[in-house]
Amino acid sequence: AQSVTQPDIHITVSEGASLELRCNYSYGATPYLFWYVQSPGQGLQLLLKYFSGDTLVQGIKGFEAEFKRSQSSFNLRKPSVHWSDAAEYFCAVALTNTDKLIFGTGTRLQVFP
Amino acid sequence: DVKVTQSSRYLVKRTGEKVFLECVQDMDHENMFWYRQDPGLGLRLIYFSYDVKMKEKGDIPEGYSVSREKKERFSLILESASTNQTSMYLCASTSTGNTEAFFGQGTRLTVV
């Protein structure tokens, strides 16, 4: 069965530090890959997505993610974290462009000044 | 500005009550979804719909039903609320051919 793993439940970084959030998926073919962010008390907002082509994708708010087929990973990165980035981050996959999304369990990011 | 609106941000219901959670989208999207979000479990799909009057079970449909009488509206129904249904419920919609999902702000339901 298709699944998404986010191994880090909670990450704490200092403002200005770099960030990498991990995401691994389990599926025979390359699925459609997404990262969403949820600020406190809010719904989810799409940060970026990967369907095909260049394996390094740029998103909103200065985030990027790199698809690595050999590692079945789609890790999210940001070179310099801002206090406003504190939120919960979800990786998600879909089998096709019209399929339902399957989410990981999320990583809560805390940012210290 | 695209919008998915959930009728309530917070609800408190009693055990055994029938509960309706409403979701409306103004983007003419074909597909709508209901998820529940619990700490440590992420988002789990309850039901989804690809068209009016159509519904499909997700991963955790037990204890829930849905209704989609109009394209823009997707209702989640708890037939007899139980305390283990206390959770955050999120509605989302997508258009056919575009898996980017737009989410409502969520309904935090407490069953006492």
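As shown above, the structure is provided for reference.
Below: a short report on this structure. (Residues numbered from 1 in each chain as written. Chains lettered and ligands numbered in written order. Predicted model: local features only at pLDDT ≥ 70, side-chain atom pairs only at ≥ 80, totals over all residues. Heavy atoms only, no water.)

Our next topic: the overall build of chain B. Tallying secondary structure elements over chain B gives 0 helices and 11 strands in all. Overall, chain B shows an N-to-C arrangement of helices and strands of β-β-β-β-β-β-β-β-β-β-β. Overall size of chain B, expressed as C-alpha extent along the three principal axes, is 40 × 25 × 25 Å. For chain B, the proportion of its 112 residues judged to be buried stands at 49%. For chain B, the share of sequence-separated contacts (at least 6 apart) that also reach a separation of at least 24 residues comes to 54%. (Helix = DSSP H or I, 4+ residues; strand = E, 2+ residues; numbered from the N terminus. Buried < 20%, exposed > 50% of the residue type's maximum accessible area, 1.4 Å probe, protein only. Contact = heavy atoms within 4.5 Å.)

Whenever strands of a sheet pair, they do so through backbone hydrogen bonds, lying parallel or antiparallel. All names here are of chain B. With antiparallel pairing, the 4 strands of this open sheet are ordered in space as β1-β3-β8-β7. In the strand order of this sheet, the two ends are held by β1 (4-6) and β7 (64-70), each with one partner. Adjacent strand axes in the sheet meet at a mean angle of 20° when their direction is disregarded. Looking at chain direction, β1 and strand β3 (residues 19-25) are connected through 3 bridges and run antiparallel. Each residue of the ladder has a partner; that of V4, found in β3, is Q25. (Pairing = 2+ DSSP bridges. Axes fitted to C-alpha atoms, helices over the stretch in contact; angles between N-to-C directions.)

Overall, the coordinates contain 12 salt bridges over all chains when judged by the stated rule. Note that R22(A) and D8(A) form a salt bridge whose closest N and O atoms lie 2.9 Å from each other. Of the two residues, R22(A) sits in the loop between β3 (19-21) and β4 (24-26) while D8(A) sits in the loop between β1 (3-5) and β2 (10-14), which places them 14 residues apart along the sequence. In this structure, K18(B) engages E79(B) in a salt bridge whose closest nitrogen and oxygen atoms are separated by 3.7 Å. With K18(B) in the loop between β2 (10-13) and β3 and E79(B) in the loop between β8 (73-78) and β9 (87-95), the pair connects residues that are 61 residues apart, well separated along the chain. According to the relative accessible area criterion, K18(B) is partly exposed, its value standing at 45%. For E79(B), a relative accessible area of 42% translates into the label partly exposed. One network of salt bridges, with partners in common, ties together E64(A), E66(A) and R77(A). (Salt bridge = Lys/Arg side-chain N within 4 Å of Asp/Glu carboxyl O.)

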